[in-house]
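# Working through the structure, step by step
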Amino acid sequence: MNIFIARLSYDTSSEDLQHVFEGYGEVSSSKVIMDYETGRSKGYGFVEMDNDEAALDAIHDLNETELDGRTIVVKKARPRSSRPSNSYNTSNSYNSW
DNA sequence: CATGAGCGG
């Protein structure tokens, strides 16, 4: 389950999300989006968990909570847009859970 | 260089 975390502190890194979400369940991978140009954090990140129940539990528990002194917003992440490649745009059905 | 609504390569 992909989890979207927004309104993170600019100082928050992937390790922080990993550390926080690990407390609820197995964290497959965590990543904080940073600006490719400047390298500064964009303020949001993603966390993937193998256990959907743990993910939902983490979302409900970590949503609108305080992290690094800032209130974070945890929501279910949307499927990434298909990376622009030579392949035609395969319409990916939205994962309605 | 600092920045605050929002979904990454």
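Scroll up to find the structure.
In this report, we go over the structure that sits alongside the text. (Residues numbered from 1 in each chain as written. Chains lettered and ligands numbered in written order. Predicted model: local features only at pLDDT ≥ 70, side-chain atom pairs only at ≥ 80, totals over all residues. Heavy atoms only, no water.)

### Re the sheet that holds strand 5 (residues 70-76)
Here we have five strands laid out as an open sheet, ordered 2-3-1-5-4, and antiparallel in their pairing. Edge strands, defined here as strands with exactly one partner in the open sheet, are strand 2 (27-34) and strand 4 (65-67). Across this sheet, the average inter-strand angle for adjacent strands is 30°, counted without regard to direction. Bridge analysis of strand 1 (residues 2-6) against strand 3 (residues 41-49) gives four bridges, and the strand direction is antiparallel. Residue pairing across strands places Ile5 opposite Gly45, the latter belonging to strand 3. Against the sheet, helix 1 (residues 14-22) contacts strand 1, strand 2, strand 3, strand 4 and strand 5, and its axis sits at roughly 145° relative to strand 2. Packing of helix 2 (residues 52-62) onto the sheet brings it into contact with strand 1, strand 3, strand 4 and strand 5, and relative to strand 5 it is tilted by some 145°. (Pairing = 2+ DSSP bridges. Helix = DSSP H or I, 4+ residues; strand = E, 2+ residues; numbered from the N terminus. Axes fitted to C-alpha atoms, helices over the stretch in contact; angles between N-to-C directions. Contact = heavy atoms within 4.5 Å.)

### Quick notes on the nonpolar core
Counting 17 residues, the largest nonpolar core has Ile3, Ile5, Leu17, Phe21, Val47, Met49 and Val74 as its most contacted members. Elements represented by at least two residues in this core include exactly strand 1, helix 1, strand 2, strand 3, helix 2 and strand 5. If you tally residues by element for this core, the top one is helix 2, at five residues. Apart from residues lying up to four places away in sequence, Ile3 is in contact with Phe21, Gly45, Phe46, Val47, Met49, Ala55, Ile59, Val74, Lys75 and Ala77. (Core = buried A, V, L, I, M, F, W, Y, C linked by side-chain atoms within 4.5 Å. Buried < 20%, exposed > 50% of the residue type's maximum accessible area, 1.4 Å probe, protein only.)

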